[in-house]
Amino acid sequence: MSADIRLPAESRTEFGKGAARRLRRADKVPAVVYGHGEAPLHLSLPGHETMLALKHRNAVVTLDLSGDEHLALAKFVQRDPIKGFIEHVDFVTVRRGEKVQVEVPVVTDGEAMGGTVVVVDHQTLLIEAEATHLPESLHVDVDEKPAGFQLHAKDVVLPEGVTLVTDPEALVVSVNETHLDAELAEAEAEVGAGAAGAEEPAAGEPAAAEGDAAAEDAAQEAEQA
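As the structure is a computational prediction, the values presented were derived from the model and not from experiment.

### Quick look at the environment of E69
Looking at the element boundaries, E69 is found in strand 6 (residues 68–79). Owing to a relative accessible area of 46%, E69 belongs among the partly exposed residues under this scheme. In the structure, E69 is positioned 62 residues away from L7 in sequence and 9.7 Å away in space, judged by C-alpha atoms. In this view, E69 contacts R6, T62 and L63; residues no more than four positions away in its chain are not counted. Here R6 takes part through its side chain, which lies 2.3 Å from a polar atom of the side chain of E69.

### Points about the confidence of the model for the chain
Per-residue pLDDT for the chain has a mean of 84; in total, 79% of the residues score no lower than 70. In the model of the chain, helix 4 (residues 208–224) stands out as the element of lowest mean pLDDT, 52, in contrast to strand 13 (residues 163–164), which has the highest, 97.

### Here we look at the pattern of salt bridges
Counting across every chain of the model gives five salt bridges. We note a salt bridge from E169 to K154, for which the minimum N-O separation is 3.1 Å. On the criterion of sequence distance, the pair formed by E169 in the loop between strand 13 and strand 14 (171–177) and K154 in the loop between strand 12 (150–152) and strand 13 is long-range, its members being 15 residues apart. When its relative accessible area of 48% is taken as the criterion, K154 is described as partly exposed.

### Remarks on the side chain of T178
Its location among the elements puts T178 in the loop between strand 14 and helix 3 (179–199). In this structure T178 touches G115, T116 and V117, once residues within four positions along its chain are discounted.

### A word on helix 1 (residues 17–25)
Considered for burial, the residues of helix 1 that qualify are A19, A20 and L23. When helix 1 is viewed along its axis, its buried side chains cluster within an angular range of 100 degrees and face the same direction. Of the exposed residues in helix 1, the ones pointing more than 90 degrees away from its buried face are K17 and R25. Elements that come into contact with the buried residues of helix 1 comprise strand 3 (28–34) and strand 4 (41–46). Positive phi shows up at D27, right after helix 1, with a value of about 60 degrees.

Rules used in this analysis
Residues numbered from 1 in each chain as written. Predicted model: local features only at pLDDT ≥ 70, side-chain atom pairs only at ≥ 80, totals over all residues. Heavy atoms only, no water. Helix = DSSP H or I, 4+ residues; strand = E, 2+ residues; numbered from the N terminus. Buried < 20%, exposed > 50% of the residue type's maximum accessible area, 1.4 Å probe, protein only. Contact = heavy atoms within 4.5 Å. Polar contact = N/O pair within 3.5 Å; in protein donor to acceptor, adjacent residues only side chain to side chain. pLDDT = per-residue confidence, 0-100. Salt bridge = Lys/Arg side-chain N within 4 Å of Asp/Glu carboxyl O. Arc of directions from axis to C-beta.

Written out as structure tokens, the structure is:
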């Protein structure tokens, strides 16, 4: 992800929940910038622009503080659990050409074969890459993959310049047979066996209809006698 996104920033000197609420009412977002042994910068950012800039994970932005620019990686974005607006952002200062380690989401492409379910065992992978060229996601092809298919971290295709940090043997995606289909097939087999047993009498026993007819004939002979 490039660092072409710029956000105007203002210094803030008020802290605490009350100050944060006042900022949010003014459609601003409180933020802090750490890194490289420098003192933390406490900033306020424009709400709408910040929401758009941070819609993707691991966003790298240029923070413009009255002409003093800071290249920063969004490390932690705190959102309201109900309304979803941004409550606070923690940034880490980065430099162009510097490599950083981040968690990147795993995305599956396509649909596995029928009667299967795709399980993503690792929702994210830890990778290392240049700060201004971080991938937004890592894609895994599961199209028409059969039950029993497995893909490990070492098999995930990484963009150029990206290095895997997660254990290479970690299971990332697996395709399993759905238990529902297996149970349904077993139930259908049991119903079919039961129906066949009811329709076919055991060897040496008369069919139900023939037995009923014989009983009726015997009753009529008794009446005539």
